[in-house]
Amino acid sequence: MSKNTAKAYPIFLAFLCMGFGDVVGPLTSQLQNDYQLSNVAAGLVTFMGFIMFGLLSVPMSIYQARKGKKQVLMIGLAAALFGLIIPMASGFNSFSLILAGLLFLGTGATLLQVAGNPIMRDVSAEGRYSSNLSFGQFVKAIGSLSGALIPLIAANFWGLDWKVLFPIYSVIILVVLAILFMQKIEESKPAADEEPASLKSCLALLKEPFVGLMVFGIFLYVGAEVTLSSKLPNYLELAFNFDIKETGLFGTLFFFVSLMIGRFAGGILLTKIAPSVFLKISSILSLVGLLGLYVAPNAVAGFVAIAIIGLGFANVFPLIFSITIDKMPERANEISGLMVTAIIGGAFVPVVFGFVADNFGLMSGFVVTIASFVYMLFLGFKAQGATK
């Protein structure tokens, strides 16, 4: 098949839309403020955004093996668009309908994640898959950043709020849907003797202790990342009297920018540092930043702590993913299915944070993320032992 770089452009746009699903992080503090929600109720925002990763990842992987990756990609975009329309149609007057909309937006993000990574191989020129995939993740990060950046700009320049995201995202997704519909993609087919991943084979793999530990690491990591992106505005409000609607989102924005910088730096450093060692370094850096939230004497120190957290968090997901694949490359399909399913941690960990915060105070909730990264540090030692 003749591959052309131009064929990858619509897929890059799909990765941008994939990042829109991360809006549930910065949106949490805004909805909590507007609808006077408890921390547990606010946790439902992230729950709706990530629950479908656990329910749909493996089944849709099986479906796309039969029906095609482009079809799953378009269904994902359509689901996300429907999710954005629901709250707009209700005039944003019902928190329940907002949750329903976020459930469909999360469904769309799940399907885009399932189809986006493998279809990038089909549209990439020879030798360009890895670089295109890395750039796709960078484009996704732009979509993630927009969830905090656009409301900040809208609030400070035009007096608007988070609601402006919904029509902007809807128009972009509609355009991407139209472009993708017109794009002809010749998809690769699995080899005749290749056994596709199934729910049974994925669950059987969990019996392998090392795989189970690493999959749980993804569960905790994603949960910790979503918790930080959603609760940093509350932290800035509590610790330094930031206005949660106008300036609090700078915490989330700063966190995402630090993640992007850390991922760029990680791509360079990982050519010289073993993944298991880098996982330990990342975990320690994250713990230093998290503990810094408790002792920061002023806002500048608070943002330094947030930057350290972002740099520490940046490479944990790909590190765990690659370490596990390298350990059992012959089971890459099943491991990939399990890892994507484990993104469901973004639905549950913030709720646990909310329960702790409601009962013992906001800063007590951050103990949940600290405990998660103590576990990451344990995985770093476990992975180093497994590679010896």
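Notes on the structure follow.

Rules behind the numbers
Residues numbered from 1 in each chain as written. Predicted model: local features only at pLDDT ≥ 70, side-chain atom pairs only at ≥ 80, totals over all residues. Heavy atoms only, no water. Phe/Tyr/Trp six-rings, centres within 6.5 Å; stacked < 30°, edge-to-face > 60°. Helix = DSSP H or I, 4+ residues; strand = E, 2+ residues; numbered from the N terminus. Buried < 20%, exposed > 50% of the residue type's maximum accessible area, 1.4 Å probe, protein only. Contact = heavy atoms within 4.5 Å. Polar contact = N/O pair within 3.5 Å; in protein donor to acceptor, adjacent residues only side chain to side chain. Core = buried A, V, L, I, M, F, W, Y, C linked by side-chain atoms within 4.5 Å.

### Topic: the packing of aromatic side chains
Step number 1: Under the criterion given, the structure shown has 24 aromatic pairs.
Step number 2: Summarising the aromatic geometry, the rings of Tyr35 and Phe95 are spaced 5.6 Å apart at their centres and angled 40° between planes, so their arrangement reads as tilted. Placement of Tyr35 in helix α2 (residues 24-35) and of Phe95 in helix α5 (residues 95-123) is noted, with a sequence separation of 60 residues between them.
Step number 3: You can call Phe95 buried: its relative accessible area is 17%.

### As for the environment of Asn315
Step number 1: Mapped onto the fold, Asn315 is located in the loop between α12 (299-313) and α13 (316-327).
Step number 2: On the basis of relative accessible area, Asn315 is assigned to the buried category, the value being 5%.
Step number 3: Spatially, the C-alpha atoms of Asn315 and Leu259 are 8.2 Å apart, while their sequence positions differ by 56 residues.
Step number 4: When neighbours within four sequence positions are excluded, Asn315 is seen to be in contact with Gly262, Arg263, Gly266 and Phe278.

### Description of the side chain of Thr107
Step number 1: When you line up the elements, Thr107 lands in helix α5.
Step number 2: We classify Thr107 as buried; its relative accessible area is 13%.
Step number 3: Separated by 2.9 Å, the side chain of Thr107 and the backbone oxygen of Leu103 make a polar contact.

### What to know about the nonpolar core
Proteins that are soluble and globular tend to have nonpolar side chains buried together.
Step number 1: Residues Ile11, Leu31, Phe313 and Ile320 are the most contacted members of the largest nonpolar core, which totals 119 residues.
Step number 2: When residues in this core are grouped by element, the largest group, 15 residues, is from helix α9 (residues 209-240).
Step number 3: In contact with Phe313, other than residues within four places in its own chain, are Tyr221, Ala224, Glu225, Leu228, Phe255, Leu259, Ser286 and Phe373.

### Points about the environment of Leu37
Step number 1: Secondary-structure assignment places Leu37 in the loop between α2 and α3 (39-67).
Step number 2: Under the relative-accessibility criterion, Leu37 is labelled buried at 16%.
Step number 3: For Leu37, the residues in contact, after removing those within four places along its chain, are Leu31, Gln32, Ala42 and Phe95.

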